[in-house]
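Chains, contacts and geometry: an overview
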Amino acid sequence: MEASSNVTPEVITIVDSEVSTDTFEKVKSKKTQKRKHDMGEVEMESEDTVAPKRPQFPPVSGDRLKGGADEMRKIPVPSHRYTPLKENWLRIFTPIVENLQLQVRFNLKTRNVEIKTCKETQDIGALTKAADFVKAFVLGFQVEDALALIRLDELFLETFDITDVKPLKGDHLSRAIGRIAGKGGKTKFTIENVTKTRIVLADTKVHILGSFQNIKMARTAICNLILGSPPSKVYGNIRAVASRAAERF
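None of the values given here were measured: they were computed from a predicted structure.

A look at the pattern of salt bridges
Side chains carrying opposite charge are able to pair once their charged atoms draw close together. According to the stated counting rule, one finds 7 salt bridges in the structure shown. Of the charged contacts in the structure, one is a salt bridge between R198 and D145, with a shortest N-O distance of 3.5 Å. With R198 in strand β5 (residues 198-202) and D145 in helix α6 (residues 143-151), this pair connects stretches of sequence that are 53 residues apart. You can call D145 partly exposed: its relative accessible area is 21%. With its nearest N and O atoms 3.8 Å apart, the salt bridge here joins D161 to K205. Here the residue D161 occupies a position in strand β4 (residues 156-161), and K205 occupies one in strand β6 (residues 205-210), the gap between them amounting to 44 residues. Judged by relative accessible area, which is 38%, K205 ranks as partly exposed.

What about the sheet that holds strand β3 (residues 112-116)?
Read from one edge to the other, the open sheet built from 3 strands follows the order β1-β3-β2, with strand pairing classed as antiparallel. Lying at the two open borders of the sheet, with one neighbouring strand each, are β1 (72-76) and β2 (103-107). Ignoring strand direction, the axes of neighbouring strands in this sheet form an average angle of 20 degrees. Sheet topology note: the β1/β3 ladder contains 5 bridges and is antiparallel. In the sheet register, I75 faces β3, and the bridge partner there is V113. Seen against the sheet, helix α5 (residues 126-139) touches β1 and β3 and runs at an angle of roughly 5 degrees to β1.

Quick word on helix α10 (residues 212-226)
Here α10 contains 15 residues, and its C-alpha end-to-end distance of 21 Å stays within 8% of the 21 Å for a straight helix at 1.5 Å per residue. Looking only at α10, the buried set comprises N214, I215, M217, A218, A221, I222, C223, L225 and I226. Backbone geometry just after α10 places G228 at a positive phi near 115 degrees.

Some details on helix α9 (residues 186-195)
Of all the 10 residues making up α9, 7 are buried; the element is thus mostly covered by neighbouring parts of the structure. Listed in full, the buried residues belonging to α9 are T187, K188, T190, I191, E192, V194 and T195. Where the residues of α9 are buried, they touch α8 (171-181), β5, α10 and α11 (231-248). Just beyond α9, the residue with positive phi is K196, at close to 55 degrees.

Details of the pairing of β3
β3 sits mainly inside the fold: 4 of its 5 residues count as buried. Sheet topology note: the β2/β3 ladder contains 5 bridges and is antiparallel. Bridge pairing in β3 places N107 opposite N112. Hairpin geometry of β2 and β3 is characterised by an intervening segment of 4 residues between the two adjacent antiparallel strands and by a positive phi of about 60 degrees at R111.

Looking at the nonpolar core
Counting residues in hydrophobic clusters, the biggest one holds 28 residues, and the most contacted among them are I92, I96, L102, V113, I115, F133 and V134. If you list the elements that add at least two residues to this core, you get α4 (89-99), β3, α5 and α6. It is α5 that contributes the most residues to this core, 9 residues altogether. Counting residues in hydrophobic clusters, the runner-up holds 20 residues, among them F160, I208, A221 and L225.

Focus on the packing of α5 against α6
At a minimum axis distance of 8 Å, the contact between α5 and α6 shows a crossing angle of 160 degrees. Comparing the axis directions of α5 and α6 gives the class roughly antiparallel. Crossing geometry of α5 relative to α6 is assigned as right-handed. Along the contact surface, α5 presents K129, D132, F133, A136 and F137, while α6 presents V143, A146, L147, L149 and I150. Residue composition of the contact of α5 with α6, by class: 8 nonpolar, no polar and 2 charged.

About the cut-offs
Residues numbered from 1 in each chain as written. Predicted model: local features only at pLDDT ≥ 70, side-chain atom pairs only at ≥ 80, totals over all residues. Heavy atoms only, no water. Salt bridge = Lys/Arg side-chain N within 4 Å of Asp/Glu carboxyl O. Helix = DSSP H or I, 4+ residues; strand = E, 2+ residues; numbered from the N terminus. Buried < 20%, exposed > 50% of the residue type's maximum accessible area, 1.4 Å probe, protein only. Pairing = 2+ DSSP bridges. Axes fitted to C-alpha atoms, helices over the stretch in contact; angles between N-to-C directions. Contact = heavy atoms within 4.5 Å. Expected span 1.5 Å × (residues − 1). Core = buried A, V, L, I, M, F, W, Y, C linked by side-chain atoms within 4.5 Å. Parallel < 35°, antiparallel > 145°, perpendicular 65-115°, else oblique. Left-handed = near helix turned anticlockwise from the far one by under 90°. Nonpolar A, V, L, I, M, F, W, Y, C, P; charged D, E, K, R; others polar.

What is shown is where atoms sit, not what they do.
What follows is the structure, encoded as structure tokens:
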């Protein structure tokens, strides 16, 4: 069929227009704008927050730190330590009052040694040192050994039960205590001298006084004796550990 003459094809004319490249502008992405804005804020903040000089405050006295209220510690004394406490009371009383500037008394009703701070107390840790000193004496240490807790900072007390290491009963428990003590206390003295600690055997309790590393060595040796190791083997082990520790220092 022939197309009707009324329909005329559309002619699309394209007009070339001269477009100069100078009119194009580079569009900045929002991310870069935001990043630069944030960096500008950071720079402004850094300029504003210049590290000022560290303020100098005068030392605070112990009376102000404790808030003006006196603190008290109570150390219970078992009945078998009454007589030693009475005999050595002057030697216990003197360093607590004269050196640590504390107040101390023995309460006959409650059977406690009570230590209290006062206005003359300067050191905040004096109360803790005095309480550890009295506690060490109550546990069975000599006054000279317990005094080291006042003079030195790196000393600690550790207590454990023999039955915590191995659940022993009857004669087995007695033999374990005998292995720790040795004949005439020889084994205990050897462990004390090699590890530079002090050890007290009170029934099934073992109390150790010394530095952290030395307590660890002494505790390991005592645990090996409880578990059944012969003393000669334990001597060799602690001497080897002690020599390694001496070389390290």
